[in-house]
Amino acid sequence: QAAGSVSLTRPQDAYGEMLAVAFSKPEAGRVMGVGRDGVAVVWNSRTGDRLARLFEGHHFVTDAVAFFPNDRLAATVSFDGTAALWKTDTGSMLQQ
């Protein structure tokens, strides 16, 4: 592992590979990943520690994720035809 890099690992309670990741602004220090299991996860980009519980709500593969400019919200899109809006600090879904 290179100096200054962080290794992100899917948590034990998630399964499948990540298909997309999004990085917040550097000062917010967050990375969000989504994958085949329909679950999204947020990590601290400096330490690799998981910040919020699993974001669950999609029923199929989740393949896109983006942070809002304020870094407090994120959007995900799934192959099931749904998009979801999330609070990144708690993992709670605001809208689907």
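This text follows the structure it describes.
An account of the accompanying structure is given in this report. (Residues numbered from 1 in each chain as written. Predicted model: local features only at pLDDT ≥ 70, side-chain atom pairs only at ≥ 80, totals over all residues. Heavy atoms only, no water.)

1. Comments concerning the nonpolar core
Note that soluble globular proteins tend to have their nonpolar side chains buried in a common cluster. The test is simple: By nonpolar core we mean a set of buried residues, namely Ala, Val, Leu, Ile, Met, Phe, Trp, Tyr and Cys, connected to one another through side-chain atoms within 4.5 Å. Each residue is placed in one exposure class: buried if its accessible area under a 1.4 Å probe, protein chains only, is under 20% of its type's maximum, exposed if it is over 50%, and partly exposed if it falls in between. Starting at the N terminus, helices and strands are each numbered in turn, a helix being any DSSP run of H or I of at least four residues and a strand any DSSP run of E of at least two.
M32, V34, A40, F55, V65, F67 and W86 are the most contacted members of the largest nonpolar core, which has 13 residues in total. Those elements that place two or more of their residues in this core are strand 1 (18–23), strand 2 (30–35), strand 3 (39–44), strand 5 (62–67) and strand 7 (83–87).

2. With respect to the side chain of S78
We count it as follows: Side-chain atoms alone can form a polar contact between residues adjacent in sequence; in general such a contact is a pair of N or O atoms within 3.5 Å, and within protein one must be able to donate a hydrogen while the other accepts it. By definition, residues are in contact when any of their heavy atoms lie within 4.5 Å.
Tracing the sequence through the fold places S78 in strand 6 (residues 73–78). Since its relative accessible area comes to 5%, S78 is described here as buried. In this structure the side chain of S78 is engaged in a polar contact, spanning 3.1 Å, whose partner is the backbone nitrogen of D80. The contacts of S78, once residues within four sequence positions are left out, are H58, F60, V61, T62 and D63.

3. Comments concerning the environment of G48
Within the secondary structure, G48 sits in the loop between strand 3 and strand 4 (55–56). Taking the C-alpha atoms as reference points, G48 and R30, separated by 18 residues in sequence, lie 9.2 Å from one another.

4. Here's the deal with the sheet that holds strand 1
The line we're drawing: The rule for pairing is simple: two strands pair if DSSP sees at least two bridges between them.
Overall, antiparallel pairing links the four strands, which are arranged 1-2-3-4 in an open sheet. The outermost strands of the open sheet, each flanked by one partner alone, are strand 1 and strand 4. Of the strand pairs in this sheet, strand 3 and strand 4 are connected by two bridges, and their pairing is antiparallel. In the strand pairing of strand 4, A40 is matched with F55.

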